[in-house]
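# Overview (structure and organization)
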Amino acid sequence: AIKDKLLFYVDEDTRSFNGIIEAIRMPKDTEEEKKERSKAIEAASVYATEVPKNVMQTAYEAYTCIEAMITKGNKSSVTDAGVGALCIDLAIQGAGMNVLVNAKDLSDRNIGDSFKKDALNLMVQSNNEATRLRALVLEVLNKG
C-alpha cells in the first residue's frame, strides 16, 4: 500500500509542476487576468508543496515495516532492512527539501511557514528513526 501511494505521488508531482506552468502561462493583460493568474499560481504552488509533504508522511510509514524486518525477519537479510531505513530517510530528506523550496515562495506566509515547520520536524524525526534502526541492525549483527 505504501509503495502504491508513493508511485501515485510520482505522477502527482509531475501534474503539480504542470499546474504551475499552466498558471504561469495564463493571460496577464488586464488587472482581472493578473489577479486570476496570481490566484492560480498560488493554488498550484500550494498543491506542489503538498505533494512532497505527502511523500514524506507516506515514506515515514515504512519505518514500521523496516523495524519488523529487523526484529522479526530473516537475520541473513537484516542488512537489507538497514539499507531500507537509509533509503526511507533519503526519500524524506529529499522530499523535505522540495517542500522547503516550494513553501518559501508562497504568498500566504501562514501556509508557507506551516509547511516549512512540518517538513523540518519530519526531516529530524526521520533522521532520528533511521539512526535508531541502523543501530538496531548493528545490534542484531553483533549478536551473531
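In this report, the structure presented in the accompanying data block is examined. Keep in mind that this is a model prediction, so the values were computed, not measured.

Turning to the side chain of Glu129, a few remarks are in order. By secondary structure assignment, the location of Glu129 is in helix H4 (residues 109–143). Glu129 has contacts with Tyr60, Tyr63 and Glu67, leaving out every residue within four places of it along the chain.

Once that is clear, we can look at the nonpolar core. Residues Met56, Tyr63, Ile66, Ile70, Ile88, Ile92 and Leu133 are the most contacted members of the largest nonpolar core, which totals 29 residues. Where this core is concerned, the elements lending two or more residues are helix H1 (2–24), helix H2 (31–72), helix H3 (78–103) and H4. Each residue touching Ile66, except ones within four places of it in the same chain, is listed here: Ala81, Gly84, Ala85, Ile88 and Leu133.

Here H4 contains 35 residues, and its C-alpha end-to-end distance of 51 Å stays within 8% of the 51 Å for a straight helix at 1.5 Å per residue. For H4, the set of buried residues is Gly112, Phe115, Ala119, Leu122, Met123, Ser126, Glu129, Ala130, Leu133, Leu136, Val137 and Val140. Its buried side turned inward, H4 meets H2 and H3. Structurally, the start of H4 carries an N-cap: the backbone nitrogen of Asn110 is 3.0 Å from a side-chain oxygen of Asp108.

This part is about the side chain of Thr49. Mapped onto the elements, Thr49 comes out in helix H2. If we ignore the near neighbours within four places in the chain, the residues touching Thr49 are Val99, Asn102, Ala103, Leu106 and Phe115.

Note on placement: Asp29 falls in the loop between H1 and H2. For Asp29 and Val78, which are 49 residues apart along the polypeptide, the C-alpha to C-alpha distance reads 61 Å.

Analysis parameters
Residues numbered from 1 in each chain as written. Predicted model: local features only at pLDDT ≥ 70, side-chain atom pairs only at ≥ 80, totals over all residues. Heavy atoms only, no water. Helix = DSSP H or I, 4+ residues; strand = E, 2+ residues; numbered from the N terminus. Contact = heavy atoms within 4.5 Å. Core = buried A, V, L, I, M, F, W, Y, C linked by side-chain atoms within 4.5 Å. Buried < 20%, exposed > 50% of the residue type's maximum accessible area, 1.4 Å probe, protein only. Expected span 1.5 Å × (residues − 1). Polar contact = N/O pair within 3.5 Å; in protein donor to acceptor, adjacent residues only side chain to side chain.

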